[in-house]
Amino acid sequence: MSQITVIEHLLYHQKESPMATGRFTRLLSEMILSGKIINQEVNKAGLVEILGLTGETNVQGEKVRKLDEFANHVLEHRLQRAGVLCALASEEKADLITIPKDYPQGDYILIFDPLDGSSNIDANVSIGTIFSIFRRTSPSHEPVTLADVLQRGAEQVAAGYMIYGSSTMLVYTTGNGVHGFTLDPSVGEFLLSHPDIRTPKFGKIYSANEGYWHYWDEATRKAITYFKNPDNERHQVYSSRYIGSLVADFHRNLLYGGIFLYPADKRDPKHPHGKLRLMCEANPLAMIVEQAGGLATDGINRILDIQPAELHQRVPLVIGSYDDVSRVREFMLRDAA
Ligand code: AHG
Ligand code: MN
Ligand code: MN
């Protein structure tokens, strides 16, 4: 396969993608460089003093790991200076991150989960960075506000993730299909390896943390039982695969077909809508999966239609192969009736 870099690919598809402006290319280049820097640290994490906890807890009430903080710092530092953003929002930070006055401003907004799957870092399991890009809705000369950021996922202009696994990959969409690039360490470039990814209409894999069975509602239990029942419509038992890193579970199901569920559960009354975040996890992956022919809901409603009320809003997530996600929606609708 000829070696096509991300930027070559973006420029080649310039005609179909209004996104391929110089400023977006700059934004993507900075995301790529940040991913390479984070990947370096992830790959040698066991060797340097970067494993373990910082001793702090983040806005999510979760323990912050040194690599979480490192990844967040790299992204904030590089992207604030890229001259293409008017604001950033990180899973790790309570409030909107504005661009210092003396830095060049832009009209894009970047929302990101700097390191997804953090609990797996010390065990050398695949982790990743997830990002979502919007264009501001207010005029460029006005101060950016939360209203610019709290847009429905359908308004995203681009979304993607980097996965630091057996190889390092970048998967992203600008609304014209989903494309995967693999980092060739010998040249330090992400090269096109998975052009125009399409996810199978239905799969043979379901991913859910069944340890929470007793905290799930009846419809969720019926859905999981369906995937385990050899007499289901597919007359096949699905394999259970759950890594505990959303980006890794999602990526496998995107390529092989399958469904990932992080339903609402009754474990934590503070978080009745489950653990995953709408803005920095569900929205970007929902844009990717729909562009690949799949579907993403909160059980019933399309993720990309949800109007966010706050930056760190949680949402139940059912995402993957179109038919499998549609089947779960039927269980949820029947239960809601
Ligand atoms: P993060 O590391 O960004 O906080 O995300 C962790 C998420 C997600 O990656 C994964 O699917 C989920 O946590 C696993 O949660 P459980 O351990 O509750 O199953
Ligand atoms: Mn995450
Ligand atoms: Mn995270």
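Source: prediction; values computed, not measured.

Segmenting the protein chain into domains produces domain 1 (6-194) and domain 2 (205-336). The distance between the C-alpha centroids of domain 1 and domain 2 comes to 23 Å. On the domain 2 side, the residues contacting the 49 residues of domain 1 number 34 residues. Roughly 2900 Å² is buried in total at the junction of domain 1 and domain 2, and carbon and sulfur atoms are behind 63% of that figure. Linking domain 1 with domain 2 are 2 salt bridges. Residue Arg152 is joined to Asp305 by a salt bridge in which the shortest nitrogen-to-oxygen separation is 3.4 Å. Taken together, domain 1 and domain 2 are joined by 17 residue pairs in polar contact (both at pLDDT 80 or more). Those elements that provide at least two residues to the side of domain 1 that touches domain 2 are strand E3 (85-90), strand E5 (108-116), strand E6 (127-135), helix H4 (146-149), strand E7 (158-164) and strand E8 (168-173). Looking at the side of domain 1 that touches domain 2, its residues break down into 24 nonpolar, 18 polar and 7 charged.

What follows concerns the pattern of salt bridges. Applying the stated criterion across every chain, the model contains 19 salt bridges. Residue Lys93 is joined to Glu76 by a salt bridge in which the shortest nitrogen-to-oxygen separation is 2.6 Å. You can see Lys93 sitting in the loop between E3 and strand E4 (97-98) and its partner Glu76 sitting in helix H3 (residues 66-80), a full 17 residues away along the chain. Its salt-bridge partner being Asp323, residue Lys201 comes within 2.8 Å of it at the nearest N-O pair. Placement of Lys201 in the loop between strand E10 (189-194) and strand E11 (205-207) and of Asp323 in helix H8 (residues 322-336) is noted, with a sequence separation of 122 residues between them. Using a relative accessible area of 53% as the deciding quantity, one classes Lys201 as exposed.

Bringing the site of ligand 1 into the picture now. Taken together, 19 residues lie around ligand 1, and Asp116, Gly117, Tyr212, Tyr242 and Tyr262 are the ones closest in. Asp116 is positioned with one of its side-chain polar atoms (N or O) 2.8 Å from an oxygen atom of ligand 1. For ligand 1, whose unbound accessible area comes to 470 Å², protein coverage reaches 90%. The set of elements that each furnish at least two residues to the shell around ligand 1 consists of E5 and strand E13 (259-262). Residue contributions to the shell around ligand 1 peak at 3 residues, all from E5.

The rules we used
- Residues numbered from 1 in each chain as written.
- Chains lettered and ligands numbered in written order.
- Predicted model: local features only at pLDDT ≥ 70, side-chain atom pairs only at ≥ 80, totals over all residues.
- Heavy atoms only, no water.
- Domains from an automatic or database assignment.
- Contact = heavy atoms within 4.5 Å.
- Buried area = accessible area lost by both parts, 1.4 Å probe.
- Salt bridge = Lys/Arg side-chain N within 4 Å of Asp/Glu carboxyl O.
- Polar contact = N/O pair within 3.5 Å; in protein donor to acceptor, adjacent residues only side chain to side chain.
- Helix = DSSP H or I, 4+ residues; strand = E, 2+ residues; numbered from the N terminus.
- Nonpolar A, V, L, I, M, F, W, Y, C, P; charged D, E, K, R; others polar.
- Buried < 20%, exposed > 50% of the residue type's maximum accessible area, 1.4 Å probe, protein only.
- Near = heavy atom within 4 Å.
- Areas by Shrake-Rupley, 256 points an atom, 1.4 Å probe, with all protein chains shown as cover.

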